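Here is how the chains run, residue by residue.
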Amino acid sequence: MCGIVGYVGERQAAPILLEGLQKLEYRGYDSAGVAVFDGGILHVVKRKGRVRELEFARALKGNCGVGHTRWATHGAPSEKNAHPHTYGKFTLVHNGIIENAHILREECLSRGEKFSSETDSEVVAHLISACYEGDFAAAVCRAAERLQGSFALAVLSSDFPDTIVCARMHSPLVVGRERGGLFVASDVPAIAGEGVEIFSLADGEFAELHAGEIKFFDANLRPAPPHPVEYSSKEDTPALCGFRHFMRKEMSEIPSVLKNCSADFLKNSQYMQFFAALSGAERIQIVACGTAYHAGLCAAHAFEKFCRVPCEVSVASEYRYRDPIVPPHTVCFAVSQSGETADTLAAAQIAKERGAFLAAVTNVAYSSLTRISDAVLQTNAGREVAVAATKSFNAQLMLLYSVAAHLAEKKGREVPPLSQIPAAAERALEISEEVRGWTAHFLSAKSVFFLGRGADYFTALEGSLKLKEITYLPSEGYPAGELKHGTLALIEKNTPLVAVVTQKPLAEKTMNAVHEAYARGAKIFLVTCFEELCARKEVFASLLLPACPEEFSPAVAVIPLQALAYYVALARGNDPDKPRNLAKSVTVE
Ligand code: F6R
């Protein structure tokens, strides 16, 4: 989380920093700041809130500077805690968490040094200052040796007002070069553009940006080779194309994303090697977080049902610390839109170290996850800007369903056709507009429930997560049969309950739970593909989904739930693209 950008070259730095920060705002948006050298004088400006609050800084003069957009970890979101942080001759921006910051801070305090923020990041500026003996890069390198945790750093020094030194450990960082200028950023889109070559830094590496040249170093300050990043020009700023929000625009892309995804997956050059490993797999493990975890649950359902391979799905942050058992012949799927989620990366690394064949399912070709994986299956959903994942979820499902279907066919098992899914999604998108009429019943709900059984339960989980994250309404996704084991106590008069019913053999079972909730006052909103259920007396409002093979229904049934979250968020006056407290790319633990 947090976005870093830096520039040194012939152009004015401030506009480049501000435009870069705008593109990185999905990484955090509680405060922002820039520091620019004008001659030898450093100007630092910071503001609480969004990057737009810094617009006045565009007028700063100077050719070398760094900028930051923050997602608070240590210290509240405030101007004081906003980056850049300065101590002595050093000013820096940081992404990550310094886990031993409290010890280092005590050391600094015992030397009589004063702090101006509550952040872990400021400690790094103190440490670099303490390590400095005239060599800028060496001071950053020596300070980095003492840091525990994760960091991506871009550092300025008043002794070298035309140089940026960068360092990376477990937090993404790339550097770029164009004729007459050098860049550093947390992510490619911040600096991508015509004629810009981009290189990634590996963990433990450093880079010095000076006089049109990037020097790469290892942890011992020995020259290191550059790692070029291939990126497409589409990485530049995506446009809203007439939509009010990226979330709605990205939902509109779901049908075409599903089509591409099912058509493309076999074309992948690494697919044969991956499929050989999968064909011999005796166990599948899936590690992921949030929405990607829900995609993993749906996929596991398909792998077990169609391929009869045991499949275990874990929240990555739990997997990494539970000493996981990875039996021989395990294929591990790490599912991550960004490919940068710290917990997913760590879980994937552990699975690989313990012998699993590691397959990345990701939307970002040059991400950290792709670098550690044995094979990369790209979802090709196009850049997702809204913090709430929509099209990337549908794409993860389509890709994993396609793989499960391919494996099942290889094993001689029958699988319903996937080809119906894109058209069903298109229809679901059209009728999703109807949920606008439901929003009034959700606006001030104390809590909202989403129920389902089998694959519908996973849709319910994802619908609930979407609602929570952008509307801030308390919400739970629940297996329909579990409600009566405690949670039913929460149902009051008019509590909104969304039931997802697309699984024929389980439909009446879910309707039992719906009835129990209705009897206690719940207001029932039904999302189903069975017309006869819509007329039931307990149903307050319903949405009739197009037909689709029930095992794959989450890819379609989730669409009206995404729309519901979107319209409720709008009606509550929230920005659906930038929900409070969240960030798109979660690169810290
Ligand atoms: C929810 C959402 C998050 C992400 C999670 C994992 O809408 O977007 O729950 O799914 O942070 O992110 P990735 O997929 O980038 O690993």
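Residues numbered from 1 in each chain as written. Predicted model: local features only at pLDDT ≥ 70, side-chain atom pairs only at ≥ 80, totals over all residues. Heavy atoms only, no water.

By the definition in use, this model includes 33 salt bridges. Ionic pairing is found between Glu25 and Lys578, a salt bridge with its closest N-O pair at 3.5 Å. On the criterion of sequence distance, the pair formed by Glu25 in the loop between helix H1 (13–24) and strand S2 (31–38) and Lys578 in the segment after helix H17 (554–571) is long-range, its members being 553 residues apart. The salt bridge partner of Glu469 is Lys466, with a shortest N-O separation of 3.4 Å. Here Glu469 and its partner Lys466 are both found in helix H14 (residues 455–471), three residues apart, which amounts to about one turn of the helix. Across this residue pair, the class does not change: Glu469 and Lys466 are buried. A single salt-bridge network, built from bridges that share partners, covers Glu19, Glu55 and Arg58. (Salt bridge = Lys/Arg side-chain N within 4 Å of Asp/Glu carboxyl O. Helix = DSSP H or I, 4+ residues; strand = E, 2+ residues; numbered from the N terminus. Buried < 20%, exposed > 50% of the residue type's maximum accessible area, 1.4 Å probe, protein only.)

Turning our attention to the environment of Ala281. Structurally, Ala281 is set in the loop between helix H7 (271–279) and strand S15 (283–288). Taking relative accessible area as the criterion, Ala281 reaches 8% and is therefore assigned buried. Between the C-alpha atoms of Ala281 and Val124, which are 157 residues apart in sequence, the distance is 46 Å.

A few words now on the sheet that holds strand S7 (residues 151–157). Taken in spatial order, the six strands line up as S5-S6-S7-S8-S12-S13 in an open sheet, and their pairing is antiparallel. Here the strands that pair on one side only, and so sit at the sheet edges, are strand S5 (85–87) and strand S13 (213–217). For this sheet, the mean inter-axis angle between neighbouring strands, taken without regard to orientation, is 20 degrees. In terms of strand pairing, strand S6 (residues 90–95) meets S7 through six bridges, oriented antiparallel. Within S7, the residue paired with Val93 across the bridge is Ala154. (Pairing = 2+ DSSP bridges. Axes fitted to C-alpha atoms, helices over the stretch in contact; angles between N-to-C directions.)

A separate point is the site of the ligand. Near the ligand lie 15 residues; those nearest to it are Ser336, Gln337, Ser338, Thr341 and Glu469. Gln337 places a main-chain nitrogen or oxygen 2.7 Å from an oxygen atom of the ligand. Note that an oxygen atom of the ligand is positioned 2.9 Å from one of the side-chain N or O atoms of Lys466. Protein contacts shield 89% of the accessible area of the ligand, which totals 400 Å² for the unbound molecule. Elements that contribute at least two residues to the shell around the ligand include exactly helix H8 (290–307) and H14. (Near = heavy atom within 4 Å. Polar contact = N/O pair within 3.5 Å; in protein donor to acceptor, adjacent residues only side chain to side chain. Areas by Shrake-Rupley, 256 points an atom, 1.4 Å probe, with all protein chains shown as cover.)

Attention now moves to the nonpolar core. One recurring pattern in soluble globular proteins: nonpolar side chains tend to sit buried together. Phe274, Leu278, Phe303, Phe333 and Ile421 are the most contacted members of the largest nonpolar core, which has 92 residues in total. Looking at which element gives the most residues to this core, the answer is H17, with 13 residues. Ignoring anything within four residues of it in the chain, the contact list for Leu278 reads Ile284, Phe303, Val331, Phe333, Val403 and Leu407. Judged by nonpolar contacts, the second largest core, of 30 residues, contains Ala13, Ala32, Val196 and Val364. (Core = buried A, V, L, I, M, F, W, Y, C linked by side-chain atoms within 4.5 Å. Contact = heavy atoms within 4.5 Å.)

As a further point, take the packing of helix H13 (residues 420–431) against H17. Between H13 and H17, whose axes approach to 9 Å, the crossing angle comes to 15 degrees. As the angle between them shows, H13 and H17 are arranged roughly parallel. The way H13 lies across H17 gives a crossing that is right-handed. Residues Ile421, Ala424, Ala425, Ala428 and Leu429 of H13 form the contact with H17, whose own contacting residues are Ala555, Val556 and Ile559. Along the lines of polarity and charge, the residues of the contact of H13 with H17 split into eight nonpolar, no polar and no charged. (Parallel < 35°, antiparallel > 145°, perpendicular 65-115°, else oblique. Left-handed = near helix turned anticlockwise from the far one by under 90°. Nonpolar A, V, L, I, M, F, W, Y, C, P; charged D, E, K, R; others polar.)

With twelve residues, H1 extends 16 Å between its outermost C-alpha atoms, agreeing within 8% with the 16 Å of an ideal straight helix rising 1.5 Å per residue. Taken across its twelve residues, H1 has nine buried, putting it largely inside the fold. Buried within H1 are the following residues: Ala13, Ala14, Ile16, Leu17, Leu18, Gly20, Leu21, Lys23 and Leu24. (Expected span 1.5 Å × (residues − 1).)

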